[in-house]
Amino acid sequence: MDMNREKAVELFKEFNTSASLYNHALAVEAVMRHAAEERGYDPDFWGVVGLLHDIDYEKYPDEHCLKAAEILRERKWSEDIIHAVVSHGWGICSDVQPVHEMEKVLYAIDELTGLITATVLVRPSKSIMDLKVKSVKKKWKDKRFSAGVDRSIIEKGAALLHLETGELIAMTIAGMQKAAPELGLAGE
Ligand SMILES: [Fe+2]
Ligand SMILES: [Fe+2]
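As the structure is a prediction and not an experimental result, all values here were calculated from the model.

Student: Explanation requested: the pattern of salt bridges in the structure shown.
Tutor: Where charged atoms of side chains with opposite charge meet at close range, the side chains can pair. Scanning the model with the defined rule gives 9 salt bridges in all. The partner of K178 in a salt bridge is E37, and the shortest N-O contact between them spans 3.0 Å. Here K178 is found in the loop between α9 (165-177) and α10 (180-183), whereas its partner E37 is found in helix α2 (residues 19-39), with 141 residues between them in sequence. The exposure class assigned to K178 is exposed, which follows from its relative accessible area of 52%. A salt bridge links E79 to R73, with the nearest nitrogen and oxygen atoms 2.9 Å apart. With relative accessibility at 44%, the residue R73 sits in the partly exposed group.

Structure below.
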């Protein structure tokens, strides 16, 4: 099987109907592609991992990560993709640690894309194009804002990558900017 984007999207849609979950998959994909480009890796490969990481979330929220491995293995996706997908739930729904740089990036940016999306959507412009790191940091500090986003996981991810939180936020914004229209974050 070709590990290409089209097949990943098809598989994602087979298991998920929620528009917001798909939007999340696209946001993570965009950041993964951007990070791969920056770091000299294959953006197509990293992008597919981003697309597929929450494949099981809608149908099996209580078996998140475990079911994903099952589904992907059954569909003959490669073991490095499976390892990466499972490791994004390290300490949450799996005990598989992110090892590869790709896995560390996925782990670090997964929840952060949600905080950034929420930050953009309360801006008058509804645009990510001129979003500043400091605006995200302000929302980061407001514990009631996007309370579901676990800041400590993002911090742990940044540490794995030896990045300051600000640097990680900047990279994540830059990746999401590249897909702003698809993500509905290009402004009104
Ligand atoms: Fe997840
Ligand atoms: Fe996710």
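Student: What's the story with the nonpolar core in this structure? I'm lost.
Tutor: A general tendency of soluble globular proteins is for nonpolar side chains to be buried together. Counting 59 residues, the largest nonpolar core has L52, I116, I128 and L168 as the members making the most contacts within it. Ignoring any residue separated from it by four or fewer positions in sequence, one finds L52 in contact with A8, L11, L72, W77, I81 and V85.

Student: Would you take a moment to explain the coordination of the iron ion (ligand 2) for this structure?
Tutor: In an ideal tetrahedron of four donors about a metal, each angle is 109.5 degrees. In an ideal octahedron of six donors, the angles are 90 or 180 degrees. Protein-derived coordination of the iron ion (ligand 2) comes from H24 (NE2), H53 (NE2), D54 (OD) and D110 (OD), at a distance range of 2.1 to 2.2 Å. Taken together, the 4 donor atoms coordinating the iron ion (ligand 2) span angles of 82 to 176° at the metal, a pattern that classifies the geometry as irregular. Distance-wise, the iron ion (ligand 1) is placed 3.7 Å from the iron ion (ligand 2), both being coordinated by D54. Residue classification places H53 among the buried residues on the basis of a relative accessible area of 1%.

The rules behind these values
Residue numbers restart at each chain and count upward from 1, following the sequence in its written direction. The order in which chains are written sets their letters, starting at A; the order in which ligands are written sets their numbers, starting at 1. This being a predicted model, a pLDDT of at least 70 is required before a residue's local features are given, and a value of 80 or more before pairs of side-chain atoms are given or counted; all residues contribute to the totals for chains, interfaces and linings. Water and hydrogen atoms play no part in the side-chain values, which are based on all heavy atoms of the structure. Think of a salt bridge as a Lys or Arg side-chain nitrogen and an Asp or Glu carboxyl oxygen that are within 4 Å of each other. Segments assigned H or I by DSSP are reported as helices when at least four residues long, segments assigned E as strands when at least two residues long, and all are numbered from the N terminus. The cut-offs for exposure are 20% and 50% of the maximum accessible area for each residue type, with area from a 1.4 Å probe on protein chains only; residues under the lower value are buried, those over the upper are exposed, and the others partly exposed. Here, nonpolar core refers to any group of buried Ala, Val, Leu, Ile, Met, Phe, Trp, Tyr and Cys residues whose side-chain atoms link them within 4.5 Å. Only heavy atoms enter the contact rule, under which two residues are in contact if any of them lie within 4.5 Å. Sites may look incomplete because water is not among the atoms; the donors themselves are N, O and S atoms within 2.8 Å of the metal, or within 3.2 Å for Na, K and Ca. Note on geometry labels: four donors, all angles 85 to 135 degrees, give tetrahedral; four donors become square planar and six octahedral when opposite donors are over 155 degrees apart and every other angle is between 65 and 115; remaining cases are irregular.

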